[in-house]
Amino acid sequence: MSHELVIKNGLVILESGEVHTDVAIDKGKISAIGSDLDGDKVIDAKGTIVSPGMVDAHVHITPMGGGYRDQWEGYVTGTASSAKGGVTSFMEMPLNQVPATVDGKTIDEKYSRENELKVDVGSFGGLVPYNLDGGIQELDQKGVSGYKCFLATCGDRSIDGDFENVDDYSLYEGMKQIAKTGKVLAIHAENAKVTDRLGEIAKASGQTTLAEYVDSRPVFTEVEAIRRAILFAKETGCRIHICHVACKEGVDEVIKGRQEGVDVTCETCVHYLYFAKDELDAIGPVVKCSPPIREQAQQDALWEHVKSGAISFVTSDHSPCTPDLKDTDNAFDAWGGISGIQNDVDVMFDEAVQKRGISLKDFAKLIASNPADRYNLDQKGRISVGKDADFVFIKPNDPYTLKAEDLEYRNKISPYIGRKIGAQVARTILRGQTIYSQEDGVIDSFPGEFIKN
Amino acid sequence: MKYGLVIKDGLVIMTSGAKYVDIGIDGERISAIGEHLNGLQTINAGGLIVSPGMVDAHVHLTQLGGGYRDGWEGYRTGTSAAAKGGTTTVIEMPMNQLPATIDGSSINSKYKSGKNKLKVDVASLGGVVPTNLDGGIQELNENGICGYFLSTCGSRMLKNDLQLSDDYTLFSAMKQIQKTGKVLAIHTENEAITSRLEQQAMKEGKSKLVDFANAHPVVAEVDSIRKVILLAKETGCRISITHVSSEEGVDEIIKGQREGVDVTGEVCVHYLYYNTDTAGRFGSLLKCAPPIRNGVQQKGLWRNLFNGNIDFVASDHSTCPIELKSTGNIFTDWSGVAGLQNNVDVTFDEAVNKRGMSLKQFAEITATNPACRFGLTQKGEIKIGKDADFVLIDPKRRHRLSAGDLEYRHQISPYINCNIGASVVLTILRGQPVFDLKNGVTNHYVGKFLHL
């Protein structure tokens, strides 16, 4: 029999490891894996590694700016850069949009923009102090794949409908409600009071550098919040995930939590694995984020935890803004957030596989299978018969230097500009359809869909 | 040679254990321990246990009411009750007084207000609040406090009261206190959770003691304990967790100790004596935070006290005028238990008589350990050179406590009508009897403030 499409000659990363094999696709799904498959159409993947398309479980898009953030990254540019970067699906955060995604009505506003998607998008619903009387349940019914809350201070209180961090009661009560949905609560874990106050004091004393900003958010502020979240999870039975862990000690708490039977996982972001505190001020506010990028020793320790599997997956925490918000000499004033989704795969492949010898099998888990499993995106994340035919073709050992004009972002800012990256994304396929290739660029149409659980 | 005073024939609890031995006292201090000592004066302690006077590390007195709490327990009644109960040293909390004790000026007002009003010795904890991080902590240190106290939880309606500390205050204060080398005692509960659960319970019309307990779940206590231990680890500050009420809380203290944190835990007599089943009928008389919990927790606390995971017992004596305990709503009633006078007899009966605790350990948990923890080097042990502070206990003399027995300004106590199987028969402070069964409490104010 002949399949609609066959990918030939690639080194394909299966769950059991990489193998030179053909992959057949029918009706957007993987229909066969084996030798000498026939296809009506054939894509030659020679010289490339065929990986499951990345599932980036931490992405901020701002389709609705509410009159405040209308020029921020929308779905069109956000999903175009995903396609170009080899990310075939991502989990969208419930904040930066105005209004924030905290109930049925606000998530429906997002869903109404499906014609702007070039990749598939799963959604987080927000947990905020003001949606404990029905919002959580509405979001569940609307098909969110998980929830998200902030322990660090978050949101602009002068903007009606903006996201808001939880107090401890809302966290505790929210976890009790979310436990009943069986879905995972993702948590930005930093101690709000201590980081806020240390930041105010640093700023008032005239500090302006990124290194000083890092010092105003010490490791213990991250660790304390992680411990608190894990304790509440143990108490409520809520499944939790710690976002963007930026220190070894934070991962250690996650390991301890799991040993105590808590259903807790964690992620780190590509930028914590790539940059270190020493170089931040040379790069500028574009590399500001929270928790902050810490010392080289912490980066080294995070890599060890990535290798050991203690860190379940990597994400971009793509969180772009307009350039004016990064245009300041005072690190404390700059918007915190790094644009990174387009360079998830190439940077990670270069750093993890090429430079540090992480196996292709583990690479695919880190970027695709593990995040898909955690948020129950059961059609995503692995090259296996019956799954969505989502792939990224990677050309190994083929360095290029990232230029601003390469970026599909609405605002072309990225800390990776000017960096030499040792691998390239050659092609991205979403449910059997090529949405990006080096020859033809990003697809003009919008084949992406919202994933609903 | 003859000693000024000899206590003869008692079973004396020394750090090495209990032994029939005489104690010689000259002036205010112990000058000899041995057999056949002769004294100018002699006290016959035959049939009695001679224990170091209790050091109650957690007592609220309110000599300065600031116009709002003028009718509360003051130094005269508070220290009389201490003397009658066998407590020779109280460590006074920096709160309930108005203003709270948070700087040099407020502690000196206390010292002044207590002059010639003390029947036992009084050491002081200095308070930590968000507003005394710019000098107050150091002033307190210079004015002789033996440790610090802060609270993460509880309602504070009055401006001059000891305000709650947020996480930044906790962190910043610990960095400052670490430099003094003194211990920070902390009331650990997560205020955001307990206050909201209380509000909800009130809205639902709940009014029982158990409803109050349910609004203060174990997780709120444990979360706060974990937080302060982490911050202590970060800052190097020495800490004591006041009134641990759950086994899970003790577990966190043990974990902290294993990680090298200088942390200890205290429990109060009422958490050991009562549980939710037996406490319910007392209503707000036994309202305290953290709350008295169920029988499983009570057993767990006893186990941890026995095996040394809990460092000492205290009263958390916190009394108020009776009308504040009868507002008609458990949630608006004053939170606090009056217990100072029955520290020793109740603990002896419950720990030693009923549960077989060794006398050596009894002295450790009532005297030696709290004295050591707060640096009261003259107190807490029967040893040559130490202050001659004793409580003489008749281990078999049963009594039923009546309201009229209480020296408190307000005769309320959860132990009224309880049959207590041991009795304090004599209390000696620095060589002077301050209470005996026949003559009652001394009329003299022989106590003093201890300055460190």
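Quantities reported herein were computed from a predicted structural model and do not represent experimental measurements.

**Student:** Mind showing me how you'd approach the overall build of chain B here?
**Tutor:** In terms of regular secondary structure, chain B is built from 13 helices and 19 strands. Counting only C-alpha atoms, chain B reaches 70 × 45 × 45 Å along its principal axes. A total of 452 residues make up chain B; the buried ones form 65% of that total. Summed over its atoms, the accessible surface of chain B is roughly 15900 Å², and 48% of this surface lies on carbon and sulfur atoms.

**Student:** What am I meant to see in the environment of aspartate 406 of chain A here?
**Tutor:** Residues and elements named next belong to chain A. Within the element layout of this structure, aspartate 406 appears in the loop between strand S15 (400-401) and strand S16 (420-421). Given a relative accessible area of 18%, aspartate 406 falls into the buried group. Beyond its immediate chain neighbours, meaning those up to four positions away, aspartate 406 contacts Lys84, Gln342, Tyr400 and Thr401.

**Student:** Is there a simple way to think about the packing of helix H7 (residues 218-235) of chain B against helix H8 (residues 247-258) of chain B in this case?
**Tutor:** Packed helix pairs are characterised by how far apart their axes lie and by the angle those axes make with each other. All names here are of chain B. The interhelical angle for the contact between H7 and H8, taken along N-to-C directions, is 15°, at an axis separation of 9 Å. The angle between H7 and H8 falls in the class roughly parallel. Relative to H8, H7 is oriented so that their crossing is right-handed. Along its contact with H7, which presents Val218, Val222, Ile225, Arg226 and Ile229, the element H8 presents Glu248, Gly249, Glu252, Ile253, Lys255 and Gly256. Looking at side-chain class alone, the contact of H7 with H8 contains five nonpolar, two polar and four charged residues.

**Student:** Explanation requested: the nonpolar core in the structure shown.
**Tutor:** The nonpolar side chains of soluble globular proteins are, as a tendency, buried together. Within the largest apolar cluster, 211 residues are counted, with the highest numbers of intra-cluster contacts made by Leu185 and Ile240 of chain A together with Ile239 of chain B. The contact partners of isoleucine 239 of chain B, leaving out residues within four places of it in the chain, are Met174, Val183, Leu184, Ile186, Val228, Ile229, Ala232, Asp262, Val263, Thr264 and Arg373 of chain B. In terms of nonpolar packing, the next biggest core, distinct from the first, is built from 21 residues, Leu95, Ala100, Val128 and Ile451 of chain A among them.

**Student:** Can you help me understand the packing of aromatic side chains in this one?
**Tutor:** Working definition: an aromatic ring pair is given by the centre-to-centre distance plus the angle between the planes. Residue and element names in this part refer to chain B. Scanning the entire structure with this criterion turns up 24 aromatic pairs over all chains. Here the aromatic rings of tyrosine 274 and phenylalanine 282 are separated by 5.1 Å at their centres, their planes lie at 70°, and the arrangement is edge-to-face. Across this residue pair, the class does not change: tyrosine 274 and phenylalanine 282 are buried.

**Student:** For this particular structure, what's the right way to read the pairing of strand S5 (residues 49-52) of chain A?
**Tutor:** Every other side chain in a regular strand lies on the same face of the sheet, so the side chains alternate between the two faces. Alignment of strand S1 (residues 2-14) of chain A against S5 of chain A, held across two bridges, turns out to be parallel. In the strand pairing of S5 of chain A, leucine 11 of chain A is matched with isoleucine 49 of chain A.

**Student:** For this particular structure, what's the right way to read the interface of chain A and chain B?
**Tutor:** How big an interface is tends to be expressed through the accessible area that disappears when the partners come together. The interface is formed by 20 residues belonging to chain A together with 22 residues belonging to chain B. It is Tyr169, Phe220 and Arg227 of chain A that lose the most area in chain A upon contact with chain B, and together they represent 35% of the buried surface on that side. Applying the counting rule to chain A against chain B returns three salt bridges. Close ionic contact of glutamate 259 of chain B with lysine 256 of chain A constitutes a salt bridge, the shortest N to O distance being 3.7 Å.

**Student:** Which parts of the structure should I look at to understand the pattern of salt bridges?
**Tutor:** If charged atoms from side chains of opposite charge come close, those side chains can pair. Residue and element names in this part refer to chain A. This structure, assessed with the given rule, holds 63 salt bridges over all chains. Across the pair aspartate 263 and arginine 239 runs a salt bridge whose closest N-O atoms are separated by 2.8 Å. Pair noted here: aspartate 263 is in the loop between helix H8 (248-259) and strand S12 (264-269) and arginine 239 is in strand S11 (residues 239-242), with a separation of 24 residues, a long-range link. When its relative accessible area of 28% is taken as the criterion, arginine 239 is described as partly exposed. The residue arginine 374 makes a salt bridge to aspartate 263 at a minimum N-O spacing of 2.8 Å.

**Student:** So what exactly am I meant to see when it comes to the side chain of lysine 110 of chain A here?
**Tutor:** Residues and elements named next belong to chain A. Looking at the secondary structure, you find lysine 110 in helix H2 (residues 104-111). A distance of 2.9 Å separates a polar atom in the side chain of lysine 110 from a polar atom in the side chain of threonine 101. In this view, lysine 110 contacts Pro63, Met64, Tyr75, Glu92, Met93, Pro94, Gln97, Thr101 and Phe450; residues no more than four positions away in its chain are not counted.

**Student:** Looking at this structure, I do not really get the side chain of threonine 79 of chain A. What am I missing?
**Tutor:** Residues and elements named next belong to chain A. In this structure, threonine 79 sits in helix H1 (residues 75-85). Side-chain polar atoms of threonine 79 contact the backbone oxygen of tyrosine 75, separated by 2.6 Å. Those residues in contact with threonine 79 that lie beyond four places of it in its chain are Phe90, Glu116, Leu117, Lys118, Val119 and Val121.

**Student:** Where do I start with the confidence of the model for chain B in this structure?
**Tutor:** Do not read the predicted coordinates in detail wherever pLDDT is low. Averaged over all residues, the pLDDT of chain B equals 97, while 100% of them reach at least 70. Confidence metrics for the complex model read pTM 0.96 and ipTM 0.94.

**Student:** Teacher, can you tell me more about H2 of chain A here?
**Tutor:** For the α-helix, the turn length of 3.6 residues means that residues three or four positions removed from each other point alike. All names here are of chain A. Looking only at H2, the buried set comprises Gly104, Thr106, Ile107, Lys110 and Tyr111. Taken end-on, H2 shows its buried residues confined to a sector of 170°, consistent with a single buried face. Buried residues along H2 sit against H1, strand S7 (87-92), strand S8 (120-126), helix H3 (135-141) and strand S20 (450-451).

**Student:** Honestly, the sheet that holds strand S8 (residues 121-127) of chain B in this entry has me stumped. Any pointers?
**Tutor:** What holds strands together in a sheet is hydrogen bonding between their backbones, with the strands either parallel or antiparallel. Residues and elements named next belong to chain B. Read across the open sheet, the eight strands follow the order S6-S7-S8-S9-S10-S11-S12-S13; overall the sheet is parallel. Each edge of the open sheet carries a strand with a single partner, namely strand S6 (54-59) and strand S13 (312-314). Averaged over all pairs of adjacent strands, the angle between their axes in this sheet comes to 30°, without regard to strand direction. One ladder, built from three bridges, connects strand S11 (residues 238-241) with strand S12 (residues 263-268); its direction is parallel. Across the sheet, the residue bridging to isoleucine 239 is valine 263, located in S12.

**Student:** Mind showing me how you'd approach unusual backbone geometry here?
**Tutor:** All names here are of chain A. Valine 98 connects to proline 99 through a cis peptide bond whose omega is 0°. Omega for the peptide link from serine 290 to proline 291 comes to -10°, which places this bond in the cis form. Within the fold, proline 291 resides in the loop between helix H10 (277-283) and helix H11 (296-308). Residues other than glycine seldom take positive phi values, yet aspartate 36 does so here, at roughly 50°. For aspartate 36, the position within the fold is in the loop between strand S3 (29-34) and strand S4 (38-44). Although it is not a glycine, asparagine 96 adopts a positive phi angle of roughly 90°. Within the secondary structure, asparagine 96 sits in the loop between S7 and H2.

**Student:** Got a minute to help me understand the state of the cysteines in this structure?
**Tutor:** Note: disulfide means a covalent bond formed between the sulfur atoms of two cysteine side chains. Residues and elements named next belong to chain B. The tally for this structure, following the rule as stated, stands at zero disulfides over all chains. Cysteine 268 takes part in no disulfide bond, and the closest cysteine sulfur to it belongs to cysteine 288, at a distance of 7.4 Å. The exposure class assigned to cysteine 268 is buried, which follows from its relative accessible area of 0%. Note on cysteine 372: no disulfide assigned, nearest cysteine sulfur contributed by cysteine 146 at a separation of 12 Å.

**Student:** Which parts of the structure should I look at to understand helix H5 (residues 192-204) of chain A?
**Tutor:** In this model, H5 of chain A (13 residues) spans 18 Å end to end at C-alpha, consistent with the 18 Å of a helix rising 1.5 Å per residue. Residues of H5 of chain A that are buried include every one of Ala192, Val194, Thr195, Leu198, Gly199 and Ala202 of chain A, and no others. Those residues of H5 of chain A that are buried lie in contact with helix H7 (219-236) of chain A together with helix H4 (167-180) of chain B. Regarding H5 of chain A, its N-cap is asparagine 191 of chain A, as a side-chain oxygen of that residue lies 3.1 Å from the backbone nitrogen of lysine 193 of chain A further along. Downstream of H5 of chain A by one or two residues, glycine 206 of chain A has phi in the positive range, about 90°.

**Student:** I'm lost on the packing of H8 of chain A against H11 of chain A in this one. Help?
**Tutor:** Residues and elements named next belong to chain A. Packing of H8 against H11 brings their axes to within 9 Å, and their N-to-C directions diverge by 30°. Put simply, H8 runs roughly parallel to H11. The segment H8 lies against H11, with Lys248, Glu249, Val251, Asp252 and Ile255 engaging Gln298, Ala301, Leu302 and His305. The class makeup of the residues in the contact of H8 with H11 is four nonpolar, two polar and three charged.

Criteria and cut-off values
- Residues numbered from 1 in each chain as written.
- Chains lettered and ligands numbered in written order.
- Predicted model: local features only at pLDDT ≥ 70, side-chain atom pairs only at ≥ 80, totals over all residues.
- Heavy atoms only, no water.
- Helix = DSSP H or I, 4+ residues; strand = E, 2+ residues; numbered from the N terminus.
- Buried < 20%, exposed > 50% of the residue type's maximum accessible area, 1.4 Å probe, protein only.
- Areas by Shrake-Rupley, 256 points an atom, 1.4 Å probe, with all protein chains shown as cover.
- Contact = heavy atoms within 4.5 Å.
- Axes fitted to C-alpha atoms, helices over the stretch in contact; angles between N-to-C directions.
- Parallel < 35°, antiparallel > 145°, perpendicular 65-115°, else oblique.
- Left-handed = near helix turned anticlockwise from the far one by under 90°.
- Nonpolar A, V, L, I, M, F, W, Y, C, P; charged D, E, K, R; others polar.
- Core = buried A, V, L, I, M, F, W, Y, C linked by side-chain atoms within 4.5 Å.
- Phe/Tyr/Trp six-rings, centres within 6.5 Å; stacked < 30°, edge-to-face > 60°.
- Pairing = 2+ DSSP bridges.
- Buried area = accessible area lost by both parts, 1.4 Å probe.
- Salt bridge = Lys/Arg side-chain N within 4 Å of Asp/Glu carboxyl O.
- Polar contact = N/O pair within 3.5 Å; in protein donor to acceptor, adjacent residues only side chain to side chain.
- pLDDT = per-residue confidence, 0-100.
- Arc of directions from axis to C-beta.
- Disulfide = S-S within 2.5 Å.
- Expected span 1.5 Å × (residues − 1).

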